[in-house]
Structure formats: C-alpha cells, structure tokens
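Working through the structure, step by step
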Amino acid sequence: MSLRLAVPSKGRLQEATFDWFGARGIILRRTGSGREYAAAADGVAGLVVELLPASEIARDLASGRIHLGVTGTDLVNEKIPDPGRDVHSLAELGFGHADLVLAVPEAWVDVNTVDDLDDVAARFRRRHGRRLRIATKYHRLVRDFLRVKGVADYALVDSQGATEGTIRNCTAEAIADITSTGETLRANRLKILEDGLILQSQAELFLSRAAGWTPGARAVLERLADTLALPLPELA
Amino acid sequence: MAKADAMSAPAAIADPAAREKAEAGALLARFAEGATLFDTDILQPAETLLDLYGEDMRARAYVTRDPMRGELMLRPDFTVPLLKAHLAAGGGTACYAYAGKVFRMQEPGSGRPSEYLQVGREHLGGEDPLAEEIALFLKVHEALADLPLRIETGDVGLLVAAVEALDTSRARKDALMRHLWRPVRFRELVERFGGRRAPHPAQAALLARLEREGVEGVMAGIGEIHGLRERDEIAERLEALLEETRTPPLSAARLEAVERLLALDCPLGEALPALETIAARLPGMERAVGHFARRVEALAGAGIDPRKVRFAGSFGRTSLEYYDGFVFGLMACDHPDLPPLATGGRYDALAARLGGARLPAVGAVVRPGPVALLREGGR
C-alpha cells in the first residue's frame, strides 16, 4: 500500500522542499529527464511522490486525492472552503514566507489603516458612482478579512498577475497581494496599510483528512512521521 | 381555516419536495388575495445586487458568468427585482405576491438547503404606513397561526431616529448610518466618536502633522498620482479629518441612550417605557417612539398579545441590509435548528437606492419547506 505525497512541481519551492526532507533523512529526487514531471523518494517504503503546481496541491488535499502535500498557507486558506475540517498542518517548513497584504498608492497620504480605506471607499463611491476596486487573486481571504473589519463599498476585481500594475492602468484603486520583501510594491509606489496584514503564509506540510486512510496508507504515514519526528493527529 | 384545508396537500404526499411545493401553493393562494402575481428570471444581473449588498453577497449567493451578459446571480430573493420592475413600470401604490425558488450558499456543514421555495407579499406605496405594516404582519401571522410560533420583532426606524438625534456633525451621523447594519463596526464608530477609543497610532501621527502643517503642507509632499482617485479627493479628505478632530466627542448621556436601545430585549408590551426613557435623552426620537407605540396598540387591537411577542433593539440589523423600520420574524418554538418560518419588515429607502424616489414599502417572505415539516410533525 502506498501514501501519496505531492510537492511543488518546480523552482525554489521544490528545491527547498527537497532540502527539508533531505535534512530529515528522506531523499526526494526527480526521475527521468530534467523536464519530466516525475519524482521518487528513498528512505520510506511505500511513499509515492507527485510533482504538482502549488494551487493544485491545495485542491487535491481538499478532495483527498493525495494524502500529503507541500503548499502555502495562503493557497490552503483561499482554495479550501473549510480548511479546519479538511486538512491538518503537520509542519511549518520555514521557507516560502510571504504576507498577503492590502496596499494603496503612496500618494494617498490620508490612508494608513483599513479604517481609512473604508472611509475613502464611501467617499469614492459618492464621487465616482461606483465601488472602490481592490485587485487581487485571493478573493475569499480578502473578502473575509474586509467583512470582519466591517469595510463596505468596495468591489474585488480579479487579477492573476502583475497586480501592482492595476492602479497605474486604472483598473483598480487598491490591491491585495502577496509580498515577501515589499520591493515590487515600493517600485510601483504602493504602501502597505498599517493594519492591512491579511495572512502570513509559508510552505507547510499538510495532511488531507479527506484522503483514503487505509491501514496500508496509515502504516506508511507512521513510518514517515517517525523518520521526520512529527506528531500525528487522530484520523477518522 | 376551511379554505386553507381545502388547499393543503393530500395526506398521501410523503416526498418533502412535494410537500414544500404544496405548502407553497397554499401560502401563495392566501398571499395573492388582492395582489398582483409577480415572477422574475432565476438568473439576475449580479451588478445590481452586488452594488446593493456589497461584495459579501458573493459568499452568500451563487454568481455565474455569461459570455455576453457578464456576471449573473442565481436569484437570492424576489424583493429587489420586484421593486426594480415596479419602479420601471412607473411606481405608485401596489401589492404583489410571488412564489418561487431562491438560492443561497450555506456555510460548509450547516446542512441547510441552498435552494428552497419562498412565498412572499410586498405592499408598496400606500397612504397609511402603520396600516400597511399591520395588514402585512397579520396576513403572514394568520397563515401560520395554527403552528407553535415565537414572534420576534424590532424597529430599525428607532435606531435611525436615535442616530439622527445625536448632537454631532452630519459626517458622523452619515458614518453611523452607513454602518447601521454592521454591528461591530457601528460600535467602533460610536466608541471613537464618544472619545472612548483612541485612533490608530498612524492616524494620530497624520492628525498631528495636519495640525502642524495644515492640509497644504501635507499635500505638498505627495508625488505623482496614479489611478482614478484624484489629488483634490485626497485634500478634501484631509480637510474632513481635520474637521473631525475639532468636533467635540458625543455626550456620554446620549451615547449611553443609544447603547441602551441596542441592548433592549424584552416583551413587546414592556418596551414602551424603556423607549420613552431613552427618547428623553435623545430629543428628536419622539416621532419614532410614537409610531412604535401606535404599532403595539394596533397589534394588540388585532389580537396579538404584546406580552407574548419579543422586542429586541438590535433585531433585523445583521440580515440583508435594507430594512429601515418595523422588522419581524416568526420562529418555530422548540425547533432552534429550523430557519425562521417567516421574516419581513419595512424598507422605505430601498427604492431610492435602486435609483427611484423614496417609496414606502413593507414585505415579508415565508419558507414553505420548514412550515410543511412542522405541519407534518403536528399531525
């Protein structure tokens, strides 16, 4: 019996993931030619490794197609309707740090907090006859954050990339996006609201509660957890 | 009751969907008396509803996309399309009834249905607001009078009047009115305007700079402006911030009166003395309290015992944000798991928000699903 583990399909996240497992005695390696999306694991019998884009890892954790997956806190909370029920974080991996933040143009000297943004949204609507637009790809996280804060009169507009450019292009007035150093925000003359931190994200090793936890899969999980020295949750 | 019996479902119908449908038919027959039947598409333009309820609506309604028509929403209620159609046809006084499916996204694991039948009746226009409120309430109450009910009521009009009666700037009243339906935010604003909550340090720093350098001084440092929000809008808000810091805090007595109104929770028959005490601290509320008193009297006159009806100052504030007067809900006793069997209330300001003139309006909806379930259980 086998246990399916999905790890990021490319780039720095993949390297860091391989390093993290390697340092704990489990060697993950790509197989075949460099461009082939195939991988294997040495050190734990029955562990099957898949290479997937990070957002699909979140989706497959929710559906239970995979048992374990390495992906970001942000994607798990954005993509999975009830993350508390469907997934369990086994470990924070200490890399892939990024903050989801609300940012506005630097020139808005009058806006430093979410409270200011709400007031400006009301004024913007009166003046321009439409809701103040916030560009993001994290619709659910941003909407939940703004609901809890009691912000009204805004509209979320979808932006799947280069979100910092939407204001210059007049397709949004503010943005909510992932940043690690804040450099891209500064380069685009944007500033983060003082209390505009929506979520702190990093790479985590998640367990899917929805996966088929057969005795065989459990046995592999226990061996893996033993090698990685991770505590396991109760599984239904 | 003979008439209702004749219209109710044959006892042999066991399927819950069929029972819901039969109950809807019976309710519609009652609600259609003296009313025009209304129907509307299931797919509604999303923009109107998002503009009205805000982005939160996306978490509560199903939004879909048509390549030509843009974003569409699966009908979350009938009231908005009904009022839009009424305004488009010239407005005026009318009474409508309708029955059909509505679609609401539910919390994961709540077990509540995401599509269900709704039967409603709306009174638009009319000369006598109180008479319309009572007539509509009784219509709904009569339709469910054979069931063990708990009646809960509120009056958003009292809260509107209380805000208007505050001795403070128009800007503060507008801010409070805007967040009337967001209790947490409303409380924050009340505390800030009362001087009980300090501004965020970043806001305090800006205010200090504004005091020192003035609006022009602060504006001088800002660079190139990108986006739709223009330079004068920023300057205008800086002026407003400065003015706000110069506005004295709300008096503690008036603030306390607003808080007592929000916290009020008692039998309807006991609410009036409490409201009169509150109104004594908020001169200007008398009219709203007078309207409330006449309503209690009229309900009692119609056979509704005010001692058995609950009144809560905050009732109706967290649901869909358009009620601005009398609000009510009929709940099944001993069934906290069931959604309200009926809800309704006054929404005079909605027509204006949809681009028309202000139009007196009261409406109510019944959910035939849980009603049928209760009737079945009672047999």
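Conventions we followed
Residues numbered from 1 in each chain as written. Chains lettered and ligands numbered in written order. Predicted model: local features only at pLDDT ≥ 70, side-chain atom pairs only at ≥ 80, totals over all residues. Helix = DSSP H or I, 4+ residues; strand = E, 2+ residues; numbered from the N terminus. Buried ≥ 20, exposed ≤ 12 C-beta atoms within 10 Å, placed from the backbone. Contact = placed C-beta atoms within 7 Å. pLDDT = per-residue confidence, 0-100. Core = buried A, V, L, I, M, F, W, Y, C linked by C-beta atoms within 7 Å. Domains from an automatic or database assignment. Axes fitted to C-alpha atoms, helices over the stretch in contact; angles between N-to-C directions. Parallel < 35°, antiparallel > 145°, perpendicular 65-115°, else oblique. Left-handed = near helix turned anticlockwise from the far one by under 90°. Nonpolar A, V, L, I, M, F, W, Y, C, P; charged D, E, K, R; others polar. Expected span 1.5 Å × (residues − 1). Pairing = 2+ DSSP bridges.

Section: the overall build of chain B
- Of the regular secondary structure elements, chain B holds 15 helices and twelve strands.
- Oriented by its inertia axes, the alpha-carbon framework of chain B measures out at about 80 × 60 × 45 Å.
- Within chain B, the fraction of its 379 residues that count as buried is 36%.
- The contacts of chain B with a sequence gap of at least 6 include a subset with a gap of at least 24, amounting to 68%.

Remarks on the overall build of chain A
- Looking only at helices and strands, chain A features eight helices and twelve strands.
- Dimensions of chain A along its principal axes, counting C-alpha atoms only, are 65 × 40 × 25 Å.
- Residues classed as buried in chain A amount to 44% of the 236 residues present.
- Taking contacts inside chain A between residues at least 6 apart in sequence as the whole, the part at least 24 apart equals 68%.

Observations regarding the confidence of the model for chain B
Residues and elements named next belong to chain B.
- Looking at chain B, pLDDT values average 92 and 95% of them are 70 or higher.
- Low pLDDT (under 50) marks residues 1–7, which in the prediction has four contacts with non-local residues, meaning those over four places away or in another chain.
- If you check the scores for this complex, the pTM reads 0.89 and the ipTM reads 0.87.

What to know about the nonpolar core
- Residues Leu27, Val119, Val140, Leu158, Ala162, Met285 and Val366 of chain B are the most contacted members of the largest nonpolar core, which totals 83 residues.
- The element contributing the most residues to this core is helix H6 (residues 156–164) of chain B, with seven residues.
- Those residues in contact with Leu27 of chain B that lie beyond four places of it in its chain are Val119, Ala143, Val366 and Pro368 of chain B.
- Ranked by size, the runner-up nonpolar core spans 36 residues in total, among them Ala135, Val151 and Ala176 of chain A together with Ile234 of chain B.

Side note on the interface of chain B and chain A
- Across the boundary between the two partners, chain B contributes 32 residues, which contact 35 residues of chain A.
- Mapped onto the side of chain B that touches chain A, the elements with two or more residues apiece are helix H3 (46–53), helix H8 (183–193), helix H9 (201–220) and helix H10 (231–246) of chain B.
- At five residues, the largest contribution of residues to the side of chain B that touches chain A is made by H10 of chain B.

Here's the deal with the domain arrangement of chain A
All names here are of chain A.
- Annotation of chain A at the domain level lists domain 1 (3–96 + 203–228) and domain 2 (98–201).
- Measuring from the centre of the C-alpha atoms in domain 1 to the corresponding centre in domain 2 gives 32 Å.
- If you look at the interface, domain 1 gives six residues, while domain 2 gives eight residues.
- The element that contributes the greatest number of residues to the side of domain 1 that touches domain 2 is helix H3 (residues 73–79), accounting for four residues.

Topic: the packing of helix H5 (residues 129–144) of chain B against helix H13 (residues 286–301) of chain B
Residue and element names in this part refer to chain B.
- Two elements in contact, H5 and H13, have axes separated by 10 Å at closest approach and are oriented at 40°. Taken as axis vectors, H5 and H13 run oblique relative to one another. Remark: the crossing between H5 and H13 carries right-handed chirality. For the pair H5 and H13, the contacting residues are Leu130, Glu133 and Ile134 in the first and His291, Arg294, Arg295, Ala298 and Leu299 in the second.
- Residue composition of the contact of H5 with H13, by class: four nonpolar, one polar and three charged.

Section: helix H2 (residues 16–31) of chain B
- If you check H2 of chain B, its first and last C-alpha atoms are 22 Å apart, about what 16 residues at 1.5 Å a residue would give, namely 22 Å.
- All of the buried residues along H2 of chain B are Arg19, Glu20, Glu23, Ala24, Ala26, Leu27, Leu28 and Phe31 of chain B.

Re the sheet that holds strand E6 (residues 87–92) of chain A
Residue and element names in this part refer to chain A.
- Strands sit in the order E4-E1-E5-E12-E6 across an open sheet of five strands; the sheet is mixed. Of all the strands in the sheet, the pair left with one neighbour each is strand E4 (47–52) and E6. Averaged over all pairs of adjacent strands, the angle between strand axes in this sheet comes to 30°, irrespective of strand direction.
- Bridge count for E6 against strand E12 (residues 203–208) is five bridges, and the pairing is antiparallel. Residue Ser89 lies in a different strand from E12, and its bridge partner there is Phe206.
- Contacts from helix H2 (residues 54–63) reach strand E1 (3–8), E4, strand E5 (68–72), E6 and E12, with the element oriented near 130° to E5.

Considerations on the pairing of strand E12 (residues 361–366) of chain B
Residues and elements named next belong to chain B.
- Among the six residues in E12, six count as buried, and that is most of the element.
- Where strand E11 (residues 342–346) and E12 come together, five bridges link them in antiparallel fashion. Bridge pairing links Ala342 to Val366 in E12.

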